[in-house]
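These are the residues of each chain, in order.
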Amino acid sequence: MERSLEKMVDPTLAEMGKNLNEAMKMLEDNQRKIEEENEKKYVRNDIPGPLQGSGQDMVSILQLVQNLMHGEEEDESSQSYRLQNVGEQGHMALLGHSLAAYISVLNRERLRNLTTRILSDTTLWLCRLFRYENGSAYYHEDDREGLLKVCRLVIHSCYEDYTVEGFNVLYNKQPVIYISSAARTGLGQTLCSQDVALLDRLIKDDINSGKLPLLLVANAGTPGAGHTDKIGRLKELCEQYNIWLHVEGVNLATLALGYVSSSVLAATKCDSMTLTLGSWLGLPAVPAVTLYRHEDPSLSLAAGLTSSQPVEKLRALPLWLSLQYLGHDGIVERIKRASQLSQRLLENLKNMDFIKTSVEDELSSPVVVFKFSPELPNIDQMLHAGPASIIQPPITSNERDICDTFNQWLGEQLAQLVPASGVDVVELEDEGTCVRFSPLMTSAVLGTEVQDVDQLVDCLKMKIPILTCTLQLREEFEQEVKRTVGLSYIEDLSWPGLGVVRYNSDRKNDDKQEKEAEKINTGLLKKLNELESDLTFSLGPEFGGEKNCVYIGMVTEDLDVSELVETIAATGREIEENSRLLENMTEVVRKGIQEAQVQLQKANEERLLEEGLLRQIPVVGSVLNWFSPFQASPKGRTFNLTAGSLESTEPTYVSKAQGTGTTPPPTPTPNRIKQRLPGQKLFKRSLRSSDGFSETSSVSHTDDLEKMEQRSHSVSTVQEQGTVETEKAEQQNEIAQVNDKTEDLQSDKSQQSGNDCTKVEEQESLR
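What counts, and where the lines are drawn
Residues numbered from 1 in each chain as written. Predicted model: local features only at pLDDT ≥ 70, side-chain atom pairs only at ≥ 80, totals over all residues. Heavy atoms only, no water. UniProt positions renumbered as here; feature names shortened; annotations may be inferred. Helix = DSSP H or I, 4+ residues; strand = E, 2+ residues; numbered from the N terminus. Contact = heavy atoms within 4.5 Å. Areas by Shrake-Rupley, 256 points an atom, 1.4 Å probe, with all protein chains shown as cover. Buried < 20%, exposed > 50% of the residue type's maximum accessible area, 1.4 Å probe, protein only. Pairing = 2+ DSSP bridges. pLDDT = per-residue confidence, 0-100. Salt bridge = Lys/Arg side-chain N within 4 Å of Asp/Glu carboxyl O. Axes fitted to C-alpha atoms, helices over the stretch in contact; angles between N-to-C directions. Left-handed = near helix turned anticlockwise from the far one by under 90°. Nonpolar A, V, L, I, M, F, W, Y, C, P; charged D, E, K, R; others polar. Phe/Tyr/Trp six-rings, centres within 6.5 Å; stacked < 30°, edge-to-face > 60°. Lys NZ or Arg CZ within 6 Å of the ring centre and 35° of its normal. Expected span 1.5 Å × (residues − 1). Patch = residues over 30% accessible without salt bridge, like charges linked within 9 Å, V, L, I, M, F, W, Y side chains within 5 Å.

- In the nomenclature of an unreviewed UniProt entry, the chain corresponds to Pyridoxal-dependent decarboxylase domain-containing protein 1 from the organism Gopherus evgoodei.
- Per UniProt, the chain carries the Sequence similarities (unreviewed entry) text "Belongs to the group II decarboxylase family."
- What the UniProt record of the chain gives under Cofactor (unreviewed entry) is the line "pyridoxal 5'-phosphate".

In structure tokens:
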């Protein structure tokens, strides 16, 4: 400003302006100082912590973001594992978002030219890659938004006055949108054909009733099982009735491959399709794309499929960068690798028992759906029957629920054991609960490799025997529990395991029965978990489970169900008896204390009568006791816990020793745990075939232990000569001879005499 003043011609005006400038500066400085002092005096207490002061530095902000993303408790290795699969192509997509924000501040002309180039390039590349010629593209964050815009476009096309009258124009002819029934899985070729015929009749009925068929949504890979509709026949039907055909699904990704199935290839003739490239190619935060064909740009603009705002066109920038980075070969390789992973898993599943697969096109389907299908009578008929089995009576609801429960457990176990596989659990209308492997949606992000598929197969092979054995032993466990006194079988079809059991207390008091049952079953669960066994005992699911029960998990084929049930019942009885013994003892002690208080009070009264009234006077009593001491024997009481009665302490003072009283009887312990082989855990059936003996000459390991102990005792009584070392050596020899075969013992009997005969007879008596 000073330089501009110097250029003025009139020096007076220049001087006046200079003085005015200095005066204003002084006033502004003074006002600024006053404001700063007032700001220091007034501090707002409602400002959040991160916003207080002069702000946070970049390192602190990024550290906060990292903690929110991964959690402070996780280590660096787990964080790096989650970030490493983003890959360089993912970095390009993330760079696109940053560049979009930077480009948006350019001048309008340069911004318009740049966004037009980005949008046209990306649209052309996608149409060529996925065989969709002469198409336009709409980029959207929500993959459902594209179908919404297409619906608006069709409404604008079919209702000329929609722009003016809005939804009022729809009253005369109500629009109808059709969703393909092939989204239901397990229906086969015949039923799909019937669906098209049924749709034809449905469209005719809607037209006759004054409605306007508007849009049909078909699937090239349903969300659940990856099945594809008869898109070719549906396209013919749509052309006949002037209906817009929209296709979506995961199988659309295979359009980029060299070989494409005819059912998926027919999708290139549809009016619009939605592509989700982010999950297919492992690109984070890239938009979904809806490709469509329409000749009127004004209607596309009215429907929101195109925009005149340059910033809206920048949505395609992350894809524009990522597609160039990957190139055609990189895009095809990722899609092809996902299909190969599916084929590898499918080939292994075909050779597995008790596994049923649901795949439409075994040559190119990128989705594999499978389930554990046990050999139940009704289910076995469904497996081996043809397409007509669809209309046969379905399996019972209980069998269906059990299968769904076991498949839910199987899917969760596989996802936990092999997280890189990306398997998940899906609920299908006809098949029930299944396990889905869709590498096209997950492998690019999770980094799924061939070894992950092989590991998934190995885990599945380990889980199938557990599932089959548990399912076979459930009925035996139920019957065994129902035959056992004190136990109740709780039917819970949603529990993946052997079953649910409850110990019932025989207490008749309803007020205390529930509390007693909770106490006993809680203690029972604790005792069972302390045993050395391979079984899992729990309180069941966190939500929806039965109360006061013990839930038993999956089991193996060597489970001894009878021993398990006997152990549960005996342990429950032991806990109940101990609980009642404690309650009875508490009551006895309480009554004993009350009785002792009464007796002690009575003894004090008797002592007062014996001492006389004068001895109770403070001064007189002391003098009288000094001249004539009063000799009184101490009378106390002791409480005998064994007998539950009060006893006098006079015998203690006479004998100068504490009496032992009656020895309590030993607490009976249930003999529920049988002797086991070395290393053998509880509830396991021992396999006799591993002993190496014949059925006639072999003995069990438990019998061997008993005979060895008896033989050791007999030999020690027969031997009367020799030193102690000789006796020990002979005992060891005799113990070793117990496991000999019967033939050896018979031959020894014919050869010995005298004292040896006596020894053999003892062996025979032991046997």
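Next comes the rest of the description.
1. A word on the overall build of the chain
Okay, step 1: Along the chain, the regular secondary structure elements total 27 helices and 16 strands.
Okay, step 2: Across the chain, every contact between residues at least 6 apart in sequence was considered, and the portion connecting residues at least 24 apart equals 68%.
Okay, step 3: Surface accessibility of the chain: about 46,000 Å² in total, with carbon and sulfur atoms responsible for 52%.

2. Quick look at the pairing of strand E12 (residues 499-503)
Each regular strand shows side chains that alternate between the opposite faces of the sheet.
Okay, step 1: Counting buried positions over the five residues of E12 gives four, a clear majority of the element.
Okay, step 2: As paired elements, strand E11 (residues 487-490) and E12 share four bridges and run antiparallel to each other. Residue pairing for E12: Tyr489 is matched across the bridge by Val501.

3. Focus on the confidence of the model for the chain
Okay, step 1: Confidence along the chain averages 75 in pLDDT terms, with 66% of residues attaining 70 or more.
Okay, step 2: Taking the mean pLDDT of every element in the chain, the minimum, 38, falls on helix H27 (residues 755-766) and the maximum, 96, on strand E6 (residues 288-292).
Okay, step 3: The low-confidence segment residues 184-194, where pLDDT is below 50, has 17 contacts with residues more than four positions distant or belonging to other chains.
Okay, step 4: Segment residues 376-393: pLDDT under 50, and 14 contacts once partners within four positions in sequence are set aside and those in other chains are kept.

4. Regarding the pattern of salt bridges
A side chain with one charge can pair with a side chain of the opposite charge if their charged atoms come near.
Okay, step 1: For the structure shown, the criterion picks out 14 salt bridges.
Okay, step 2: The residue Arg128 makes a salt bridge to Glu133 at a minimum N-O spacing of 3.9 Å.
Okay, step 3: Given a relative accessible area of 58%, Arg128 falls into the exposed group.
Okay, step 4: A relative accessible area of 42% places Glu133 in the partly exposed class.
Okay, step 5: In this structure, Glu431 engages Lys356 in a salt bridge whose closest nitrogen and oxygen atoms are separated by 3.7 Å.

5. Topic: the packing of helix H6 (residues 108-129) against helix H15 (residues 317-350)
Okay, step 1: Contact pair H6 / H15: the axes reach a minimum separation of 10 Å and the direction vectors enclose 30°. Judged by the sense of rotation from one axis to the other, the crossing of H6 with H15 is left-handed. Contacts between H6 and H15 involve Ile118, Asp121, Thr122, Trp125, Leu126 and Leu129 from the first element and Leu317, Leu319, Trp320, Leu323, Gln324, His328 and Ile331 from the second.
Okay, step 2: The residue inventory of the contact of H6 with H15, partitioned by class, reads nine nonpolar, three polar and one charged.

6. So, the sheet that holds strand E14 (residues 550-552)
Within a sheet, neighbouring strands are paired by backbone hydrogen bonds and run either parallel or antiparallel to one another.
Okay, step 1: Taken in spatial order, the four strands of this open sheet run E11-E12-E14-E13, and their pairing is antiparallel. Single-partner strands in this sheet number two, and they are E11 and strand E13 (537-538).
Okay, step 2: Against the sheet, helix H19 (residues 450-483) engages E11, E12 and E14, with an angle of about 145° to E11.

7. Some points on the sheet that holds strand E10 (residues 432-437)
Okay, step 1: Judged by pairing direction, the sheet is antiparallel, and its four strands sit side by side in the order E7-E8-E10-E9 without closing on themselves. The two strands at the open ends of the sheet, each matched to only one other strand, are strand E7 (355-358) and strand E9 (424-428). Averaged over neighbouring strand pairs, the angle between their axes works out to 40° when direction is ignored.
Okay, step 2: Relative to E10, E9 is paired through five bridges, and the arrangement is antiparallel. Residue pairing for E10: Asp424 is matched across the bridge by Arg436.

8. Some words on the packing of aromatic side chains
Okay, step 1: As enumerated under the stated definition, the model contains four aromatic pairs in all.
Okay, step 2: Where Phe130 meets Trp280, the ring centres are 6.1 Å apart and the plane angle is 50°; that geometry is what we call tilted. Placement of Phe130 in the loop between H6 and strand E1 (136-140) and of Trp280 in helix H12 (residues 277-281) is noted, with a sequence separation of 150 residues between them. Both residues of the pair, Phe130 and Trp280, count as buried.
Okay, step 3: The lysine or arginine in question, Arg293, covers the ring of Tyr132, its NZ or CZ lying 3.7 Å from the ring centre.

9. Topic: H6
Okay, step 1: Along its 22 residues, H6 runs 31 Å from first to last C-alpha, staying within 8% of the 32 Å computed at 1.5 Å per residue.
Okay, step 2: Burial in H6 covers these residues: Leu111, Thr115, Ile118, Asp121, Thr122, Thr123, Leu126, Cys127 and Leu129.
Okay, step 3: Phi turns positive one or two residues past the end of H6, at Arg131, with a value near 60°.

10. Here's the deal with unusual backbone geometry
Okay, step 1: Phi is positive for Asn134, which is not a glycine, with a value near 55°.
Okay, step 2: Within the secondary structure, Asn134 sits in the loop between H6 and E1.
Okay, step 3: Asn134 gets classed as exposed once you look at its relative accessible area, which sits at 73%.
Okay, step 4: Its identity as a non-glycine residue notwithstanding, Asn242 has a phi of 55°, on the positive side.
Okay, step 5: As for its placement among the helices and strands, Asn242 is situated in the loop between helix H10 (231-241) and strand E4 (244-248).

11. A few points about the pairing of strand E5 (residues 272-275)
Okay, step 1: Burial along E5 is two-sided: Ser272 and Thr274 facing one way and Met273 and Leu275 facing the other are all buried.
Okay, step 2: Relative to E6, E5 runs antiparallel, the two being bridged by four bridges. Pairing of Ser272 across the sheet is with Tyr292, part of E6.

12. Here's the deal with the environment of Leu299
Okay, step 1: Tracing the backbone shows Leu299 in helix H13 (residues 297-303).
Okay, step 2: Judged by its relative accessible area of 19%, Leu299 falls in the buried class.
Okay, step 3: A sequence separation of 146 residues divides Leu299 from Leu153, and the C-alpha atoms of the two residues are 6.4 Å apart.
Okay, step 4: Here Leu299 is in contact with Leu153, His156, Ser157 and His294, once residues within four sequence places are set aside.

13. Focus on the side chain of Thr405
Okay, step 1: Counting through the fold element by element, Thr405 comes out in helix H17 (residues 397-417).
Okay, step 2: For Thr405, a relative accessible area of 11% gives the class buried.

14. Examining a nonpolar patch on the surface
Okay, step 1: A cluster of nonpolar residues, Ile61, Val65 and Met69, forms a patch on the protein surface that exposes about 250 Å² of accessible area.
Okay, step 2: Structurally, Val65 is set in helix H3 (residues 58-70).

15. Details of the environment of Asp206
Okay, step 1: Tracing the backbone through its elements, the reader meets Asp206 in helix H9 (residues 188-208).
Okay, step 2: Given the relative accessible area of 10%, Asp206 is considered buried.
Okay, step 3: Taking the C-alpha atoms as reference points, Asp206 and Gln174, separated by 32 residues in sequence, lie 9.3 Å from one another.

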